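So you can see what is in the structure, the chains are spelled out below.
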Amino acid sequence: MSGLTRLFLDDYDNTDGRIRFESALEKIKNLDKSAQEEIMFNLFKVTRGLPLKNKNELSKSLTDVYSCDKDFLYKIYDNLEDDNSLQLASEGFLNRLKTVKSRIEV
């Protein structure tokens, strides 16, 4: 909770905000799928009004702690509309385009 509070207070990287939040995310990862989805739903709900800078910080923590598949990246972006998850998702598209291009050129 203190990590999330620091995110809201724009004090995420000072003291131990990020560390505590990411530690909590690690514990959430061990919960059953239903509990994880409920927590993420509520997390996205309460953070919807954050400034973009703070949403980017949240997204970075989520993508660092969770090994993000494309569906989770899309979920992060759909909810936060942040630059971090958009960039990571775009990299996946770019890599696929490069693969298609290389196959066409052969």
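Thresholds, definitions, all that
Residues numbered from 1 in each chain as written. Predicted model: local features only at pLDDT ≥ 70, side-chain atom pairs only at ≥ 80, totals over all residues. Heavy atoms only, no water. Axes fitted to C-alpha atoms, helices over the stretch in contact; angles between N-to-C directions. Helix = DSSP H or I, 4+ residues; strand = E, 2+ residues; numbered from the N terminus. Left-handed = near helix turned anticlockwise from the far one by under 90°. Contact = heavy atoms within 4.5 Å. Salt bridge = Lys/Arg side-chain N within 4 Å of Asp/Glu carboxyl O. Buried < 20%, exposed > 50% of the residue type's maximum accessible area, 1.4 Å probe, protein only. Core = buried A, V, L, I, M, F, W, Y, C linked by side-chain atoms within 4.5 Å. Patch = residues over 30% accessible without salt bridge, like charges linked within 9 Å, V, L, I, M, F, W, Y side chains within 5 Å. Areas by Shrake-Rupley, 256 points an atom, 1.4 Å probe, with all protein chains shown as cover.

### Re the packing of helix 2 (residues 17-29) against helix 3 (residues 33-47)
Part 1 of the reasoning: At a minimum axis distance of 10 Å, the contact between helix 2 and helix 3 shows a crossing angle of 145 degrees. Of the two possible hands of crossing, helix 2 and helix 3 adopt the one that is left-handed. Where helix 2 abuts helix 3, its residues F21, L25, I28 and K29 lie against Q36, I39, M40 and L43.

### Topic: unusual backbone geometry
Part 1 of the reasoning: Unlike most non-glycine residues, D10 shows phi in positive territory, near 60 degrees.
Part 2 of the reasoning: Looking at the element boundaries, D10 is found in the loop between helix 1 (2-8) and helix 2.
Part 3 of the reasoning: One non-glycine residue with positive phi stands out, namely E81, at about 50 degrees.

### Examining the pattern of salt bridges
Part 1 of the reasoning: Enumeration according to the criterion identifies nine salt bridges in this entry.
Part 2 of the reasoning: The closest approach of N and O atoms between R20 and D16, which form a salt bridge, is 2.4 Å.
Part 3 of the reasoning: What makes R20 partly exposed here is its relative accessible area of 46%.
Part 4 of the reasoning: By relative accessible area, D16 is classed as partly exposed at 25%.
Part 5 of the reasoning: Here K60 and D64 are joined by a salt bridge, their closest N and O atoms 3.0 Å apart. Taken as a pair, K60 and D64 lie in helix 4 (residues 52-65) at a separation of four residues, close to a single helical turn.
Part 6 of the reasoning: The exposure class of D64 is partly exposed, given its relative accessible area of 45%.

### A look at the nonpolar core
Part 1 of the reasoning: If you look at the biggest cluster of nonpolar residues, it comprises 17 residues, and the most contacted ones within it are F21, L25, M40, L43, L58, L62 and Y66.
Part 2 of the reasoning: Of all elements in the fold, only helix 1, helix 2, helix 3, helix 4 and helix 5 (70-80) reach the threshold of two or more residues within this core.
Part 3 of the reasoning: Each residue touching Y66, except ones within four places of it in the same chain, is listed here: L25, I28, K29, Q36, M40 and F72.

### A look at a nonpolar patch on the surface
Part 1 of the reasoning: On the surface, a cluster of nonpolar side chains totalling about 300 Å² of accessible area is made up of F8, L9 and V46.
Part 2 of the reasoning: Take V46: it is sitting in helix 3.
Part 3 of the reasoning: Assessed through its relative accessible area of 46%, V46 is described here as partly exposed.

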